[in-house]
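Summary of structural features
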Amino acid sequence: MKKRIFALVFAITLMALSVFPVRALENPPILSELSVEEQLEILREQGVEISPGPEDAEYVTGLIPLIEADPDYYPYSISNPGTREFAVQIRDAVNRYYQRGDRPRPQALAARYTLQDSTAAGSWREDFLYYNCYAYALGRTDGHYWPGKFSTVPNYSDFNLQDSIYNLACDVKADLKSASLSNRCVSMTTVRPASLSSGQSCICIRRGPKDFHFMKFDSSSWYHKPGATNPLRYKYTPSVSRNWTDEAVLRGEAIAATTYYDSTIYYFIYSKNHGSTTYTWTGNHYHSGSRHYYEYGYKCKNCGEFTSTTWTNEACSGPPCSTPWSLTPVPEVP
Ligand SMILES: [Zn+2]
Ligand SMILES: [Zn+2]
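**Description of the coordination of the zinc ion (ligand 1)**
For the zinc ion (ligand 1), the full set of protein donor atoms is Cys 185 (SG), His 274 (ND1), Cys 300 (SG) and Cys 303 (SG), at a range of 2.1 to 2.3 Å. Every donor counted, the four donor atoms about the zinc ion (ligand 1) form angles of 99 to 115 degrees at the centre, which fits tetrahedral coordination. Counting the intervening residues between successive donors of the zinc ion (ligand 1) yields the motif C-x88-H-x25-C-x2-C. Residue Cys 185 is found in strand β2 (residues 185-189), and its partner Cys 300 is found in strand β13 (residues 291-300); the two are separated by 115 residues along the sequence. A relative accessible area of 3% means that Cys 300 is categorised as buried.

Okay, here's the thing in structure tokens:
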């Protein structure tokens, strides 16, 4: 009897030793069912650099279930190259965690998704993979661009997505005026233009916690292209009261959003040449000898830039100057 019990205990112990550790390796806990802290910790152990704060945590924990369902997950709908790289690191870390690197991969169990805010604009073409929202907004098909690419930030390694939306917008304005894009007339505003003159184009930029996005206006509708996916026609007019998302269409399949854009929206109205001008004071002036000098010029009514300037002067008994310079009447057009 004792012998039998001993044998039984021995057998159970052996089973426990041999089976449970292996089982633990083969079936690690489902990552997405762990707490947010545990999920982030496991990915950090796998070498993924996750910034503290809610933005990365929200994005990472949103991606994990997608990667669990599809080991080949790729962030096609993301426009920012750095975020795409980050998502690929997360995917590879999740696959290492499940030790499914070299195994045959199961078919993705992607849930059917229906676009909510846009409809596909035209049918799929493989070359959509090679350009993003910014290129598309500019009417180009030749790259994945970021604000400043054509002017202030030529190298992506210097691009900072966390810069303010105002600074990103200034970089876009500099791009539009750059030698590559060559638009002389560019105005930047947070107010959506009511109408455009002939020859004018309009695009807008918005930023979210993990990505930037662009839309463009074209014959009564707004269009956009999430990352490397199909161009879409937006159902609405851009407005800060409705977040944008990266929901997308890839090879005819609608895919659900993985991130959103919630910043102020900056609009750019631009054209190759300036519009009509008014002759007015530039604001510059100085006193010299017995005369006061004022700078006047032709100011573009569209963008506010002076297209040409000239100095004029009049007798002045100052300093202190007798004629308040701000009240000087505009001289006749020379
Ligand atoms: Zn102008
Ligand atoms: Zn003076």
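The rest of the description comes next.
**So, the side chain of Ser 77**
Within the element layout of this structure, Ser 77 appears in the loop between α3 (54-69) and α4 (81-97). You can call Ser 77 buried: its relative accessible area is 2%. Setting aside residues up to four positions removed in sequence, Ser 77 forms contacts with Asp 211, Pro 226, Gly 227, Thr 229, Asp 246, Ala 248, Thr 258 and Tyr 261.

**Things to note about the nonpolar core**
Counting residues in hydrophobic clusters, the biggest one holds 29 residues, and the most contacted among them are Leu 138, Val 172, Leu 176, Ile 203, Ile 205, Phe 214 and Phe 268. Of all the elements in the fold, those that place two or more residues in this core are α5 (133-137), α6 (165-177), β3 (201-207), β4 (212-218) and β11 (266-271). Beyond its immediate sequence surroundings of up to four residues, Phe 214 is in contact with Cys 133, Tyr 134, Ala 137, Pro 147, Val 172, Ile 203, Cys 204, Ile 205, His 224 and Trp 244. Ala 57, Tyr 59, Leu 63 and Ala 93 belong to the second largest nonpolar core, which has 22 residues in total.

**What about the layout of surface pockets?**
Roughly 470 Å³ of internal volume is contained in the second largest pocket. Forming the walls of the second largest pocket are 19 residues, and the residues nearest its centre are Ser 51, Asp 56, Gly 82, Phe 86 and Lys 210. Elements represented by at least two residues in the lining of the second largest pocket include exactly α3 and α4. Among the elements that line the lining of the second largest pocket, the one with the most residues is α4, at five residues. Lining the lining of the second largest pocket are residues from two domains, each supplying at least three of them: domain 1 (2-97) and domain 2 (118-271).

**Brief notes about the packing of aromatic side chains**
Overall, the coordinates contain 20 aromatic pairs when judged by the stated rule. Taking the centre distance of 4.2 Å and the plane angle of 10 degrees together, the rings of Tyr 134 and Phe 214 count as stacked. Placement of the pair is Tyr 134 in helix α5 and Phe 214 in strand β4, with a sequence separation of 80 residues. Side by side, Tyr 134 and Phe 214 carry an identical accessibility label, which is buried. With 5.8 Å between their ring centres and 20 degrees between their planes, Tyr 279 and Tyr 296 make a pair best called stacked. With a gap of 17 residues between them, Tyr 279 in strand β12 (residues 277-288) and Tyr 296 in strand β13 connect regions that are remote in the sequence. As far as the burial class goes, Tyr 279 and Tyr 296 line up, both buried. In this structure an aromatic cluster arises from ring pairing among Tyr 134, Tyr 145, Trp 146, Phe 150, Tyr 156, Phe 159, Phe 212 and Phe 214. Lys 216 extends its terminal NZ or CZ atom over the ring of Tyr 136, reaching a point 4.2 Å from the ring centre.

**Things to note about the confidence of the model for the protein**
Averaged over all residues, the pLDDT of the protein equals 88, while 85% of them reach at least 70. pLDDT under 50 marks residues 19-24. Its contacts with residues more than four places away, or in other chains, come to two contacts.

**Focus: the sheet that holds β13**
Pairing within the open sheet is antiparallel, and its three strands lie in the order β12-β13-β14. Taken across any chain shown, the strands that pair with only one partner, and hence form the sheet edges, are β12 and β14 (306-315). Pairwise comparison of adjacent strand axes, ignoring direction, gives a mean angle of 25 degrees for this sheet.

**Details of the pairing of β12**
As paired elements, β12 and β13 share nine bridges and run antiparallel to each other. Looking at the pairing, His 285 lines up with Tyr 294 of β13. The turn joining β12 and β13, which pair antiparallel and follow one another in sequence, is formed by two residues; a positive phi near 60 degrees is taken by Gly 289.

The rules we used
- Residues numbered from 1 in each chain as written.
- Chains lettered and ligands numbered in written order.
- Predicted model: local features only at pLDDT ≥ 70, side-chain atom pairs only at ≥ 80, totals over all residues.
- Heavy atoms only, no water.
- Donors = N, O, S within 2.8 Å, 3.2 Å for Na, K, Ca; no water.
- Tetrahedral: all angles 85-135°; square planar, octahedral: opposite > 155°, others 65-115°.
- Helix = DSSP H or I, 4+ residues; strand = E, 2+ residues; numbered from the N terminus.
- Buried < 20%, exposed > 50% of the residue type's maximum accessible area, 1.4 Å probe, protein only.
- Contact = heavy atoms within 4.5 Å.
- Core = buried A, V, L, I, M, F, W, Y, C linked by side-chain atoms within 4.5 Å.
- 1 Å grid on protein atoms, 1.4 Å probe; cavity = no way out; pocket = protein on both sides within 12 Å on 5 of 7 lines; lining within 4 Å.
- Points joined across faces, edges and corners; volume = space filled by probe spheres on them.
- Domains from an automatic or database assignment.
- Phe/Tyr/Trp six-rings, centres within 6.5 Å; stacked < 30°, edge-to-face > 60°.
- Lys NZ or Arg CZ within 6 Å of the ring centre and 35° of its normal.
- pLDDT = per-residue confidence, 0-100.
- Pairing = 2+ DSSP bridges.
- Axes fitted to C-alpha atoms, helices over the stretch in contact; angles between N-to-C directions.

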